[in-house]
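Secondary and tertiary structure notes
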Amino acid sequence: MVLAVFLCSQAISRDISGIENKTDLLSSELALAKKPIIYFIFDLGEKEVLLKSRGIVLKEMKIENVQYWGGPVDASPQLMLQKSALFKEPKRVTIDPTKAKEEETSTNTTPKAPGAFDIEALELKDMPTTYHLEFSKGVFISVRPKASGFVSGLYSFANYAGWYLSRPILTIWHSIKGRTYISIYLTMSEEDARSIYWSLVENSENIIYMP
């Protein structure tokens, strides 16, 4: 009888916690939806990443697998501090029409149509598929592409093994520094991984939700 009461109370406690967590998510998204911004929701429970604006889904990306390390994550909006990859993305080219016109005249090249300049387009395919994201509340997300063959499968396994084995050391390090440490490992398709890197900008507000 006592055991039944205990199990029942535990179930009720989990339900209440789940409702409160969902309420926090809705409240956080409402706050972001009121702003003229684009934001991401990393919904680890539903295994999806949503790119949204004003509450409208602009793009939905599937998470193939989630590995989680650390305590509960705060569902309130948090800043994406920085993104880092082994190979950096090409720099976006900023065109100054006046300067471009002056250079064109000084080199005596054949005049081009107004507004026509030779630039190398920065496309989605140029974005990395393997990278790290650091957020303001001690949350770190590692994104890796889904393995597509034997060699990539071995690489993915070694990558994950390195991530998993290094978590205790990093947890201790951050604890010594008095900082929260939560690490999330996401496996996604190459296209979706590139889309996130392309669209997610530093100092933007985003939501990470773990029910």
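Keep in mind that this is a model prediction, so the values were computed, not measured. (Residues numbered from 1 in each chain as written. Predicted model: local features only at pLDDT ≥ 70, side-chain atom pairs only at ≥ 80, totals over all residues. Heavy atoms only, no water.)

1. Considerations on the environment of proline 211
On the secondary structure map, proline 211 appears in the segment after strand 8 (205-209). Here the alpha-carbon distance between proline 211 and lysine 22, two residues 189 residues apart in the chain, equals 7.3 Å. Residues within four places of proline 211 in sequence aside, it is in contact with Asn21 and Gly45. (Helix = DSSP H or I, 4+ residues; strand = E, 2+ residues; numbered from the N terminus. Contact = heavy atoms within 4.5 Å.)

2. Looking at the confidence of the model for the protein
Overall, the predicted model of the protein reaches an average pLDDT of 78, with 69% of residues at or above 70. Below a pLDDT of 50 lies the segment residues 93-97, which in the model reaches 4 contacts outside its immediate sequence neighbourhood of four places, other chains included. Contacts of residues 112-121 to residues separated by more than four positions or lying in other chains number 8 contacts, the stretch itself having pLDDT below 50. (pLDDT = per-residue confidence, 0-100.)

3. Side note on the side chain of aspartate 192
Inspection of the secondary structure puts aspartate 192 in helix 4 (residues 190-199). Buried within the structure, aspartate 192 lacks any salt-bridge partner; lysine 59 is the closest side chain of opposite charge, at an N-O distance of 4.4 Å. Within the local environment of aspartate 192, its side chain forms a polar contact with the backbone nitrogen of lysine 62, the two atoms lying 3.4 Å apart. The residues contacting aspartate 192, other than those within four sequence positions of it, are Lys59, Met61 and Lys62. (Buried < 20%, exposed > 50% of the residue type's maximum accessible area, 1.4 Å probe, protein only. Lys, Arg positive; Asp, Glu negative; His and termini not counted. Salt bridge = Lys/Arg side-chain N within 4 Å of Asp/Glu carboxyl O. Polar contact = N/O pair within 3.5 Å; in protein donor to acceptor, adjacent residues only side chain to side chain.)

4. A closer look at the packing of aromatic side chains
For the coordinates displayed, the defined rule picks out 4 aromatic pairs. Seen in terms of ring centroids, phenylalanine 140 and tyrosine 181 are 5.5 Å apart; in terms of plane orientation they differ by 40°. Their pairing is tilted. With phenylalanine 140 in strand 6 (residues 139-145) and tyrosine 181 in the loop between helix 3 (150-176) and strand 7 (182-188), the pair connects residues that are 41 residues apart, well separated along the chain. An aromatic cluster is present here, built from Phe40, Phe42 and Phe135 joined pairwise through their rings. The ring centre of tyrosine 197 lies 4.4 Å from the NZ or CZ of lysine 83, which sits over that ring. (Phe/Tyr/Trp six-rings, centres within 6.5 Å; stacked < 30°, edge-to-face > 60°. Lys NZ or Arg CZ within 6 Å of the ring centre and 35° of its normal.)

5. Things to note about the pairing of strand 5 (residues 131-135)
Residues Tyr131, Leu133 and Phe135 line the buried face of strand 5, whereas the alternating positions His132 and Glu134 sit on a face that is not buried. Across 5 bridges, the pairing between strand 4 (residues 78-85) and strand 5 is antiparallel. Bridged to serine 84 within strand 5 is histidine 132. Two elements, strand 5 and strand 6, share 4 bridges in a ladder whose sense is antiparallel. Each residue of the ladder has a partner; that of glutamate 134, found in strand 6, is phenylalanine 140. Here strand 5 folds back onto strand 6, and the loop between the two strands holds 3 residues, one of which, glycine 138, carries a positive phi near 75°. (Pairing = 2+ DSSP bridges.)

6. A short note on a nonpolar patch on the surface
A surface patch of nonpolar side chains, about 300 Å² in accessible area, is lined by Ile38, Ile56 and Leu58. Take isoleucine 38: it is sitting in strand 1 (residues 38-43). (Patch = residues over 30% accessible without salt bridge, like charges linked within 9 Å, V, L, I, M, F, W, Y side chains within 5 Å. Areas by Shrake-Rupley, 256 points an atom, 1.4 Å probe, with all protein chains shown as cover.)

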